[in-house]
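# Observations on chain architecture
Single-letter residue listing:
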Amino acid sequence: MMRFALFLVLLSACGDAGSFDDPMSTGGAGGETVPRGSGDAGGAGGQSAFCRGVLCDDGNECTDDSCDPSTGDCLFEPVAVNTTCDFAGAPGLCEEGVCNDAAPCSGVVCDDGLECTTDVCVPSTGSCSGILLPEATMCGQGAGQCRSALCVEPSWGEPRNLGVLSIASSIVPLPQAAADAAGRTTAVWLSQRRDWTWTVVSSRYTPGLGWSPLAGLGVGQQSDADAVDLAVSPNGEAIAVWMQRDTPPSIYSNRYRPDRGWGLPLLVENNRAQVARDPQIGIDASGNGIAVWLRSGRVYANHFSEAGIWGEPQRIGYDSDGASSPRIGVDAEGNATVIWFQSGDVFASHYSVESGWKPAAPIESSNDSLTGLPDLAVSPSGEAVALWIERHTGRHDLYANVYSPAAGWKGPQVVDRPPGAVYSARVAIDPNGDALLVWVQLDGFDRRVYANRYTVEDGWGAAIALEDEDLGEAIEPSVSFDENGRALAIWTQTDGLQRGLRGSRFLPELGWGEPELIAPLARDQLGVFAPCVAAGTEG
């Protein structure tokens, strides 16, 4: 089923195969034949010596013939049932490696009514059989996944308390969460120690096993931590960065590796004479990271290698102060896009693995009308969507700019221009470069969650409301994609007395679904704050 991991703050009233060679190839330098079992496992072009010169052909259309690279033995595997073959000059169908007369299946229509089976006629009997599709095959127009013969749609479980969170973070909402390709999810947040100082803690969710015990990331730190950010690679490595309120404040990090767990905190920012704050982190498919932060109003970056070493910080913005709210995204190869606010404009810079950082340049000149925080999403292949809000007399405009490695920035576009205010805009992008935006919009006296979709083929669509105004005020949306272009948006919603959690699923074939109640609250609880949703790349 489509698996999303969800993180929210609950406050109580008192106080989370190897490859094998072409069996028809002689291989080797000059095409020499090497006897089977000669012992050399390698060879010219990386070919297995056991299979060089071995010809595997049983003359049977109903088998796939190959050579076992570890032994040189020929393998003859039956092809799929109902593969066509020549039955003594007449039409035939394969079954368990044998070509049978197709006549018994003539006119037979097989349909068991199950979406998760492939229906075939068995030529030896003329009867029908349903072959199970692979587990997790998408079904139900993308709404579910195959489990045995059934198409199973996802359902919400019960909320679990992972620990006490800080709601006093001054810069970045908490908690932060991200998932790897297998759906293993890392969450980080701030937790108060016995000495009343705040530190960074983490828990990891593993499908089938649940949540891990809490781990402290700021071992040995004495001051308060703040503004934690997190990135996770497809193979499960994670890097967390945060601001440590030393004198002056500095930037620290910690890395998680699946085989070793969390390490010790490392200093990212080595200038102890100036204030460093607002850190952000991105990670590539190999576990290399890039952190950005502000130092005395200027944007800086540093690189973290898979070897576990930070490089030297480098200024990537202008040599003038006034920068704020940096955001970073890193693609699978390690190329990065960074955006930030400065002097009333939205700026961007790109990092190339081959050529390094490019000069910063504005991607929008807004004449000091920026409001709120920007957001940025980068796909595994480097496409990016930047998002921001501009304030004008009597209204707020929601803007976006789309970037592709081949064409650069397309230019700012108005995504929505409602008559009232816009808040808390968020963006997510899928592997194809298609994107979803969600935001809160003031409709009369109520705040409602809206969404818009961007596709590479058609551009931006029309804004739609995700929830009905009668459900109460909605705030703090979050959105995440899986690898197949399915998404989930969540938000907190209040009826005036309590805050609950709702969500809506997006399916490429069907669009947005009806909002679901995810986490209702009892009357003795204060509410849900700062929800965050994460999806594994395989759903």
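Procedures and definitions
Residues numbered from 1 in each chain as written. Predicted model: local features only at pLDDT ≥ 70, side-chain atom pairs only at ≥ 80, totals over all residues. Heavy atoms only, no water. Helix = DSSP H or I, 4+ residues; strand = E, 2+ residues; numbered from the N terminus. Buried < 20%, exposed > 50% of the residue type's maximum accessible area, 1.4 Å probe, protein only. Areas by Shrake-Rupley, 256 points an atom, 1.4 Å probe, with all protein chains shown as cover. Core = buried A, V, L, I, M, F, W, Y, C linked by side-chain atoms within 4.5 Å. Contact = heavy atoms within 4.5 Å. Disulfide = S-S within 2.5 Å. Polar contact = N/O pair within 3.5 Å; in protein donor to acceptor, adjacent residues only side chain to side chain. Phe/Tyr/Trp six-rings, centres within 6.5 Å; stacked < 30°, edge-to-face > 60°. Lys NZ or Arg CZ within 6 Å of the ring centre and 35° of its normal. Pairing = 2+ DSSP bridges. Axes fitted to C-alpha atoms, helices over the stretch in contact; angles between N-to-C directions. Salt bridge = Lys/Arg side-chain N within 4 Å of Asp/Glu carboxyl O. Lys, Arg positive; Asp, Glu negative; His and termini not counted.

### A few points about the overall build of the chain
Along the backbone of the chain there are 0 helices and 46 strands. In the chain, which comprises 539 residues, the proportion classed as buried is 51%. As presented, the chain carries roughly 24200 Å² of accessible surface, and 50% of it is formed by carbon and sulfur atoms.

### Considerations on the nonpolar core
If you look at the biggest cluster of nonpolar residues, it comprises 18 residues, and the most contacted ones within it are Val385, Leu398, Val415, Val427, Leu437, Trp439 and Trp460. Contributions of two or more residues to this core are made by strand E32 (384-392), strand E33 (395-404), strand E36 (422-429), strand E37 (435-443) and strand E38 (446-455). Ranked by the residues each element gives to this core, the list is headed by E36, at 4 residues. When sequence neighbours within four positions are dropped, the list of residues in contact with Val415 reads Leu398, Tyr399, Ala400, Leu437, Trp439, Asn452 and Trp460. Counting 16 residues, the second largest nonpolar core, distinct from the first, contains Ala336, Val338, Tyr351 and Trp357.

### Comments concerning the state of the cysteines
When the sulfur atoms of two cysteines share a covalent bond, that bond is a disulfide. Counted by the stated rule, this structure contains 8 disulfides. Here Cys51 is linked by a disulfide to Cys67, with a sulfur-sulfur distance of 2.0 Å. Handedness of the Cys51-Cys67 disulfide follows from its S-S torsion of about -90°: it is left-handed. Of this pair, Cys51 sits in the loop between strand E1 (4-12) and strand E2 (63-67) while Cys67 is found in strand E2, placing the two residues 16 residues apart along the sequence. Like Cys51, the residue Cys67 is buried in the burial classification. What pairs with Cys56 in a disulfide is Cys74, and their sulfur atoms sit 2.1 Å apart. Disulfide Cys56 to Cys74: torsion about the S-S bond roughly -80°, handedness left-handed.

### Observations regarding the side chain of His396
Summarising the element assignment, His396 is placed in strand E33. Here the side chain of His396 touches Val422 through a polar contact of 3.1 Å, landing on its backbone nitrogen. For His396, the contacting residues outside a window of four places in its chain are Thr371, Ile389, Glu390, Arg391, Asp416, Arg417, Pro418, Gly420, Ala421 and Val422.

### A closer look at the environment of Gly461
You can see Gly461 is positioned in the loop between strand E39 (459-460) and strand E40 (464-465). Classification of Gly461 as partly exposed rests on a relative accessible area of 44%. Distance from Gly461 to Ala451, taken between C-alpha atoms, is 9.6 Å for residues 10 residues apart in sequence. For Gly461, the residues in contact, after removing those within four places along its chain, are Asn452 and Arg453.

### Topic: the packing of aromatic side chains
Counted according to the given criterion, the structure contains 11 aromatic pairs. The side chain of Arg447 reaches across the aromatic face of Tyr423, ending 5.1 Å from its centre.

### Details of the sheet that holds strand E4 (residues 84-87)
Within the open sheet, the 3 strands sit side by side as E4-E5-E6. Their pairing is antiparallel. The open sheet is flanked by E4 and strand E6 (98-101), the only strands paired with a single partner. Recorded for the sheet is a direction-independent mean angle of 50° between the axes of neighbouring strands. In this structure, strand E5 (residues 90-95) lies alongside E6, joined through 4 bridges in antiparallel fashion. Looking at the pairing, Cys94 lines up with Cys99 of E6.

### Overview of the sheet that holds strand E22 (residues 276-283)
Here we have 4 strands laid out as an open sheet, ordered E22-E23-E24-E25, and antiparallel in their pairing. A single partner strand is all that each edge strand has here, and the edge strands are E22 and strand E25 (314-315). Summarising the sheet, strand E24 (residues 298-304) and E25 pair through 2 bridges and their orientation is antiparallel. Among the inter-strand pairings, Tyr300 is bridged to a residue of E25, identified as Arg315.

### Some words on the pattern of salt bridges
For the coordinates displayed, the defined rule picks out 8 salt bridges. With a closest N to O distance of 3.8 Å, Glu306 and Arg255 form a salt bridge. Pair noted here: Glu306 is in the loop between E24 and E25 and Arg255 is in strand E19 (residues 250-257), with a separation of 51 residues, a long-range link. As a salt-bridge pair, Arg486 and Asp482 come within 2.8 Å of each other at their nearest N and O atoms. Taken as a pair, Arg486 and Asp482 share a single burial class, namely buried.

### Regarding unusual backbone geometry
For the peptide bond that leads from Thr247 to Pro248, omega is -5°, which places it in the cis range. With respect to the secondary-structure elements, Pro248 resides in the loop between strand E18 (238-244) and E19. At Glu96, a residue that is not glycine, the phi angle is positive and equals roughly 55°. Following the sequence through the fold, Glu96 ends up in the loop between E5 and E6. Of note in this structure, Ser296 is not a glycine but carries a positive phi near 50°. Position of Ser296 relative to the elements: it lies in the loop between strand E23 (289-295) and E24.

### With respect to the side chain of Arg204
By secondary structure assignment, the location of Arg204 is in strand E14 (residues 198-206). Buried within the structure, Arg204 lacks any salt-bridge partner; its nearest side chain of opposite charge belongs to Asp180, at an N-O separation of 4.6 Å. Polar side-chain contacts of Arg204 include one of 2.6 Å to the side chain of Thr186. Side chain to side chain, Arg204 and Tyr256 meet in a polar contact 3.1 Å long. Leave out the neighbours within four places in its chain, and Arg204 touches Arg184, Thr185, Thr186, Gly210, Trp211, Ser212, Gly236 and Tyr256.

What is shown is where atoms sit, not what they do.
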